[in-house]
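Listed below are the residues making up each chain.
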Amino acid sequence: MRLENSLALLTKGYAWLPDLRRAHGERAVGTRLGGLPAVGIEGPEAARFLYDEDHVHRAHAIPEPVQGTLFGKGAVHTLDGEAHRVRKAMFVAMLMDGAGIEALVDRATAAWDDAAREWATQPEFVVFDESARVIAGAVTRWAGVPIDDADVPALTDDLLAMVDGFATGGPRHWRARRARGRREDWLATIVREVRSGRQTTPPGSVLGTVVRHRDADGEHLDPRVAAVELLNVIRPTTACAWFMAFSGHALTRWPEYRKRLAEADPAFAEAWAHEVRRFYPFAPFIGGRAPQRLEFGGQEIPRNAMVLLDLYGQNHDPDLWEDPYAFRPERFLGREIGAFDLVPQGGGDPRTNHRCPGEQLTVALLAALAPRLAALDADPVPDQDLTISLRRIPARPASGVVLRPR
């Protein structure tokens, strides 16, 4: 099948690729997007195939609108081979260190507890908005980037805009571009000040690591690229607000889980984090370009074709997940998760391939904050719009989940 499917993607969103594959009864199906040949694939073997650099390259694969909003130009996501390995090692060192993750969680939970006391005095508050402010302030300071309390709301709005506008046109997209430009300017200035000695960085901080990093060519990052990579720590961490809003949605739909989650049992809290990431729509698919003619699942993949791994479809694959459209955190209790099974943020080994190295951090943050959300002395506001449109990328509860203190 080589019919242009851009309109179908726009109208169906997350359901586009799963529906296309189901219509053909295959794990691999050919199509076209933006005039280019594309092949959608799904399943653990598909994930292994995608993350093999002999099969799929990322360089020149990420569309400019996505680079100009979500990832930034010159980002690690756009690199392959040795250039990617050297740059990725910087992120692994920053984001997969146990002590560093613990420090961020401590900072975020302290900020949440402070904010919760303020929420208790308000008539109502929105989980998505308030979670984002808490996380944005915590991760920015954890990264060693100086910021005043008064500047956190504007920074939060810009970080959310970058995520919210990457997969659409119109006002959301242009708001995302403007937000990225502002924040790259801000961080590039800080990078220059650190390098000139006019500003210091905390020992071992993300800011210090990025400023001092040398790429595969032995050179420091250009200040603008350094700003891009700083945002690629701060922005996706702030995007945990989507998972917090989904947690609020789940607690509203399935209130029987509230007491158990509020007890903050570490095993159940982590299982909750995994199930929220599996069940709810976050990224619809990821992809790259085939450097040569390939074949997967009986489907020919032309040279330079896009190869798309169906993340949403795989996270709802009945061969992997019993009753996949049921929300059941307990499914992850005592279950070993394969590197290519649960793929909300990609698959494989984040130390060696393109899988998000911040996934551990995301799980740790969600496992720490979701029990606090469940323990709030607040109830959902009646009659709010909790629908989640699969046509909207990225999806989220329409109301953001509004709570009213008791």
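Residues numbered from 1 in each chain as written. Predicted model: local features only at pLDDT ≥ 70, side-chain atom pairs only at ≥ 80, totals over all residues. Heavy atoms only, no water.

K.L.:
If you had to explain the pattern of salt bridges to someone new, which residues and values would you point to?
P.N.:
Tallying each qualifying case throughout the model produces 35 salt bridges. One salt bridge connects Arg141 with Asp149, and the closest N-O pair in it is separated by 2.4 Å. Take Arg141: its relative accessible area is 28%, and that puts it in the partly exposed class. Within this structure, Arg21, Arg27, Glu42, Asp310, Asp317 and Asp319 form a network of salt bridges that share partners. (Salt bridge = Lys/Arg side-chain N within 4 Å of Asp/Glu carboxyl O. Buried < 20%, exposed > 50% of the residue type's maximum accessible area, 1.4 Å probe, protein only.)

K.L.:
Please provide a residue-by-residue account of empty space enclosed by the protein, values included.
P.N.:
Tallied over the entire structure, the rule returns two cavities of 30 Å³ or more. By volume, the second largest cavity amounts to about 40 Å³. Partitioning the lining of the second largest cavity into residue classes produces seven nonpolar, one polar and one charged. (1 Å grid on protein atoms, 1.4 Å probe; cavity = no way out; pocket = protein on both sides within 12 Å on 5 of 7 lines; lining within 4 Å. Points joined across faces, edges and corners; volume = space filled by probe spheres on them. Nonpolar A, V, L, I, M, F, W, Y, C, P; charged D, E, K, R; others polar.)

K.L.:
Could you give me a rundown of the sheet that holds strand E2 (residues 36-41), with the residues and numbers involved?
P.N.:
One open sheet holds the four strands; their spatial order is E1-E2-E7-E4, and the pairing between them is mixed. Looking at which strands have only one partner, the edges of the open sheet turn out to be strand E1 (28-33) and strand E4 (285-289). Averaged over all pairs of adjacent strands, the angle between their axes in this sheet comes to 25°, without regard to strand direction. Where E4 and strand E7 (residues 306-310) come together, five bridges link them in antiparallel fashion. Paired with Phe285 across the bridge in E7 is Asp310. Each of E1, E2, E4 and E7 touches helix H2 (residues 16-24); the most contacted strand, E1, lies at about 130° to it. (Pairing = 2+ DSSP bridges. Helix = DSSP H or I, 4+ residues; strand = E, 2+ residues; numbered from the N terminus. Axes fitted to C-alpha atoms, helices over the stretch in contact; angles between N-to-C directions. Contact = heavy atoms within 4.5 Å.)

K.L.:
Describe the side chain of Thr31, naming the residues involved and giving the relevant values.
P.N.:
Assignment of secondary structure puts Thr31 in strand E1. Given the relative accessible area of 1%, Thr31 is considered buried.

K.L.:
If you had to explain the environment of Leu95 to someone new, which residues and values would you point to?
P.N.:
Note that Leu95 resides in helix H5 (residues 81-95). The class of Leu95 is buried, set by a relative accessible area of 4%. For the pair Leu95 and Pro357, spaced 262 residues apart in sequence, the C-alpha separation works out to 6.3 Å. Beyond its immediate chain neighbours, meaning those up to four positions away, Leu95 contacts Ile101, Trp142, Val233, Pro357, Gly358 and Leu361.

K.L.:
I'd like to hear about unusual backbone geometry, residue by residue, with values.
P.N.:
Here the bond from Ile393 into Pro394 is cis, since omega is -5°, no more than 30 degrees from zero. With respect to the element layout, Pro394 can be found in the loop between strand E8 (378-380) and strand E9 (402-405). The backbone of Asn304 shows a phi angle near 75°, a positive value even though the residue is not glycine. Its place among the elements puts Asn304 in the loop between strand E6 (299-301) and E7. Exposure remark for Asn304: the relative accessible area of 35% places this residue in the partly exposed category. In this structure, Val401 takes a positive phi of about 75° despite not being glycine. Here Val401 falls in the buried class, since its relative accessible area comes to 1%.

K.L.:
An account of the packing of helix H7 (residues 127-142) against helix H11 (residues 223-238) is needed here, citing residue identities and associated values.
P.N.:
Viewed as axis vectors pointing N to C, H7 and H11 meet at an angle of 155°, and their least axial separation amounts to 8 Å. The angle between H7 and H11 places the two elements in the roughly antiparallel class. As for how H7 packs across H11, the hand of that crossing is right-handed. For the pair H7 and H11, the contacting residues are Ala132, Ile135, Ala136, Val139, Thr140 and Trp142 in the first and Val233, Ile234, Thr237 and Thr238 in the second. (Parallel < 35°, antiparallel > 145°, perpendicular 65-115°, else oblique. Left-handed = near helix turned anticlockwise from the far one by under 90°.)

K.L.:
Account for the sheet that holds E9, naming residues and giving values.
P.N.:
Here three strands make up an open sheet; going across it, the order is E3-E9-E8 and the pairing antiparallel. Edge positions in the sheet fall to strand E3 (125-126) and E8, since each of these pairs with one other strand and no more. In this structure, E3 lies alongside E9, joined through two bridges in antiparallel fashion. Bridge pairing links Val126 to Val402 in E9.

K.L.:
Just give me the short version of helix H14 (residues 266-279), but keep the residues and values in it.
P.N.:
Relative to the 20 Å expected for 14 residues at 1.5 Å per residue, H14 spans 20 Å between its end C-alpha atoms, a close match to the ideal helical length. Burial runs high along H14: eleven of the 14 residues are buried. If you check which residues of H14 are buried, you get Phe268, Ala269, Ala271, Trp272, Ala273, His274, Glu275, Val276, Arg277, Arg278 and Phe279. On its buried side, H14 packs onto helix H12 (240-253), helix H13 (258-262), helix H15 (311-314) and helix H16 (359-375). (Expected span 1.5 Å × (residues − 1).)

K.L.:
Any details on the nonpolar core? Residues and values, ideally.
P.N.:
Membership of the largest hydrophobic core comes to 97 residues, with the highest contact counts inside it found for Trp112, Trp142, Trp272, Phe327, Leu365 and Leu376. Those residues in contact with Leu376 that sit more than four places away from it in its chain are Trp112, Ala116, Trp119, Phe125, Arg258, Leu403 and Arg406. (Core = buried A, V, L, I, M, F, W, Y, C linked by side-chain atoms within 4.5 Å.)

K.L.:
Run through the packing of aromatic side chains, naming residues and quoting values.
P.N.:
Two numbers describe a pair of aromatic rings. These are the distance of the centres and the angle of the planes. Tallied over the entire structure, the rule returns 18 aromatic pairs. Here the aromatic cluster, defined as three or more aromatic residues joined through ring pairs, consists of Phe246, Trp254, Tyr257, Phe268, Trp272, Phe279, Tyr280 and Phe327. Cation over ring: Arg183 sits above Trp186, and NZ or CZ is 5.3 Å from the ring centre. Cation over ring: Arg396 sits above Phe128, and NZ or CZ is 4.4 Å from the ring centre. (Phe/Tyr/Trp six-rings, centres within 6.5 Å; stacked < 30°, edge-to-face > 60°. Lys NZ or Arg CZ within 6 Å of the ring centre and 35° of its normal.)

K.L.:
So what's going on with the packing of H7 against helix H8 (residues 152-164)? Which residues, and what values?
P.N.:
Between H7 and H8, whose axes approach to 9 Å, the crossing angle comes to 105°. Relative to H8, H7 is oriented roughly perpendicular. Residue-level inspection shows Phe128, Ala132, Arg133, Ala136, Gly137, Thr140 and Arg141 of H7 in contact with H8, the latter providing Val152, Pro153, Leu155, Thr156, Leu159 and Leu160.

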